[in-house]
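Working through the structure, step by step
Take a look at the letters that make up each chain.
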Amino acid sequence: MTKAYLLDGKAIAEETLGRVARETAALRARGVTPGLATVLVGEDPASQSYVASKGKAARACGFHSVQHTLPTTTDELDLLALVESLNADPTIHGILVQLPLPKTMNAARVLELIDPRKDVDGFHPVNVGLLSVGEMDRAIVPCTPAGSMIMLDKACAALGRTLAGAEAVVIGRSNIVGKPMAQLLLQRHCTVTIAHSRTRDLAAVARRADVLVAAVGQPEMVRGDWVKPGAIVIDVGINRVAGEGLDASGKPKTRLVGDVAYAEAAEVAGAITPVPGGVGRMTVAMLMANTLEAARRAAPAGE
Ligand code: NDP
């Protein structure tokens with residue numbers, strides 16, 4: 001059996017970041033520097049590391065990058081005031097409030113206060129609506145599904161396929177991955193099924209897919225025999241599971257796996273994303289692409 005074409009997230013993300021850096025240089029030459037503000041509330045180590053990597057990528061692209069770090073005890077009204085000041089700041093084109101917020105805060109209220117034109121995560125209801133009605137010149141698309149589409153296009157180019165008319169199955173219906181992914185596939189003329197935890201005979205539904213997207217959060221749930229031979233498999237899942245042995249500090253080792261049993265699926269699929277080194281690499285790259293696009297849209301006409 002031929003092995004699947006490997007979609008290298010690191011290489012595709014670097015290509016995207018390279019394009020963003022080149023186009024940023026051109027925009028800066030016209031007097032506009034894209035600005036990204038990240039807002040971190042609290043001291044969650046994973047969130048700290050995500051925010052740091054976003055700031056690093058922003059600087060590498062030539063953006064103006066600012067980070068606001070607030071204590072867990074911050075009053076929600078103070079966070080709302082910060083968002084309003086960033087909305088009003090003409091040097092900032094993208095505002096990213098790192099989730100999760102402390103449980104004492106109403107995350108929806110905070111996210112909905114972000115100016116939709118600066119909502120580079122694409123989570124604001126205005127952007128959800130614009131994506132849904134296909135106003136792509138104005139919508140900002142959530143980063144993970146946007147990055148998944150780029151990988152899908154790479155797979156189609158490598159395999160000589162077209163998305164129009166393809167059967168696409170998205171497992172997962174979250175607002176940040178599953179639903180926007182389904183919208184993007186629909187816009188590309190796929191016949192889209194959205195599966196979730198109540199779907200009957202999920203394996204049989206998955207086996208219909210020419211394009212199978214797993215965004216579930218269940219380690220290696222999608223087995224090799226769920227994959228239609230030749231299908232393009234996009235594994236969005238990032239799950240930490242027990243590894244083998246102990247690390248240098250004597251703690252049990254862990255490793256990252258996707259929602260797809262990679263080794264089995266790669267025997268059957270036409271193309272597949274690995275975990276790690278797959279879709280995850282694209283998410284930060286698309287955040288930069290969204291910030292650049294927001295800056296372009298904000299630039300006065302003729303600049
Ligand atoms: P959510 O928990 O918000 O959504 C998971 C979805 O999967 C839900 O719709 C749920 O169904 C469905 N689901 C859960 N269990 C099953 C099951 N046994 N069978 C069928 N469907 C199931 O997760 P996210 O969408 O936020 O994230 C999904 C995965 O993607 C996670 O592993 C996450 O870490 C990863 N992720 C990766 C990113 C990246 O950069 N690569 C970015 C964001 C997420 P129901 O609605 O019925 O409950």
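Since we're looking at a predicted model, the values are computed, not measured.

**Notes on the UniProt feature "domain: Tetrahydrofolate dehydrogenase/cyclohydrolase catalytic" (unreviewed entry) in the chain**
Under the present numbering, the feature "domain: Tetrahydrofolate dehydrogenase/cyclohydrolase catalytic" (unreviewed entry) in UniProt falls on residues 7-121. Between the end C-alpha atoms of residues 7-121 the distance is 24 Å, and the span holds 50% helix and 16% strand.

**Let's talk about the site of the ligand**
Residues in close proximity to the ligand total 21 residues, the closest being Arg173, Ser174, Ser197, Ile238 and Thr283. In the model, an oxygen atom of the ligand is placed 2.7 Å from a nitrogen or oxygen of the Arg173 side chain. At 2.7 Å from an oxygen atom of the ligand is found a side-chain nitrogen or oxygen belonging to Thr283. When the ligand sits alone it has 930 Å² of accessible area, and the protein chains cover 69% of it.

**Quick notes on helix 2 (residues 45-60)**
Along its 16 residues, helix 2 runs 22 Å from first to last C-alpha, staying within 8% of the 22 Å computed at 1.5 Å per residue. Listing the buried residues of helix 2 in full gives Ser47, Val51, Lys54, Gly55, Ala57 and Ala58. When helix 2 is viewed along its axis, its buried side chains cluster within an angular range of 165° and face the same direction. In helix 2, the exposed residues that point more than 90 degrees away from the buried face are Pro45, Lys56, Arg59 and Ala60.

**What about the pairing of strand 10 (residues 252-257)?**
The two faces of a sheet get side chains in turn, since along a regular strand they alternate between them. Pairing of strand 9 (residues 239-246) with strand 10, which is carried by 5 bridges, proceeds in the antiparallel orientation. Residue pairing in the sheet places Val241 in a bridge with Arg255 of strand 10. Joining the antiparallel neighbours strand 9 and strand 10 is a turn of 5 residues, in which Gly250 adopts a positive phi near 85°.

**Observations regarding unusual backbone geometry**
Between Leu99 and the following residue, Pro100, the backbone shows a cis peptide bond with an omega angle of 0°. Among the secondary structure elements, Pro100 is positioned in the loop between strand 4 (94-97) and helix 4 (107-113). A cis amide bond links Val275 with the next residue in sequence, Pro276, at an omega value of 0°. Position of Pro276 relative to the elements: it lies in the loop between strand 11 (271-272) and helix 10 (279-298). Notably, His189 is not glycine yet its phi reads approximately 70°, a positive angle. Within the element layout of this structure, His189 appears in the loop between helix 7 (178-187) and strand 6 (191-195).

**Structural notes on the pairing of strand 5 (residues 167-171)**
Among the 5 residues that make up strand 5, 4 are buried, leaving the element largely enclosed by the rest of the structure. Direction of pairing for strand 5 relative to strand 6: parallel, over a ladder of 5 bridges. The residue of strand 6 that forms the bridge with Ile171 is Ala195. Assessed by its sense of winding, the connection that carries the chain from strand 5 through helix 7 to strand 6 is right-handed. In this structure, strand 5 lies alongside strand 7 (residues 211-214), joined through 4 bridges in parallel fashion. Note on strand 7: the bridge partner recorded for Val169 is Leu212.

**As for helix 7**
Because an α-helix packs 3.6 residues into every turn, residues spaced three or four apart end up facing the same way. Turning to helix 7, its buried residues are Gly178, Pro180, Met181, Ala182, Leu184 and Leu185. Taken together, the buried residues of helix 7 touch helix 5 (125-132), helix 6 (143-159), strand 5, strand 6 and strand 7. Two residues or fewer past helix 7, His189 is found with a positive phi of approximately 70°.

**Notes on the sheet that holds strand 1 (residues 5-6)**
The strand order 1-11-8-7-5-6 describes an open sheet built from 6 strands, whose pairing is parallel. Two strands close off the open sheet at either side, each with one partner strand: strand 1 and strand 6. In the packing of helix 7 onto the sheet, contacts are made with strand 5, strand 6 and strand 7, and the angle to strand 5 comes to roughly 170°.

Calculation criteria
- Residues numbered from 1 in each chain as written.
- Predicted model: local features only at pLDDT ≥ 70, side-chain atom pairs only at ≥ 80, totals over all residues.
- Heavy atoms only, no water.
- UniProt positions renumbered as here; feature names shortened; annotations may be inferred.
- Helix = DSSP H or I, 4+ residues; strand = E, 2+ residues; numbered from the N terminus.
- Near = heavy atom within 4 Å.
- Polar contact = N/O pair within 3.5 Å; in protein donor to acceptor, adjacent residues only side chain to side chain.
- Areas by Shrake-Rupley, 256 points an atom, 1.4 Å probe, with all protein chains shown as cover.
- Expected span 1.5 Å × (residues − 1).
- Buried < 20%, exposed > 50% of the residue type's maximum accessible area, 1.4 Å probe, protein only.
- Arc of directions from axis to C-beta.
- Pairing = 2+ DSSP bridges.
- Right-handed = clockwise from strand over helix to strand, strands pointing away.
- Contact = heavy atoms within 4.5 Å.
- Axes fitted to C-alpha atoms, helices over the stretch in contact; angles between N-to-C directions.

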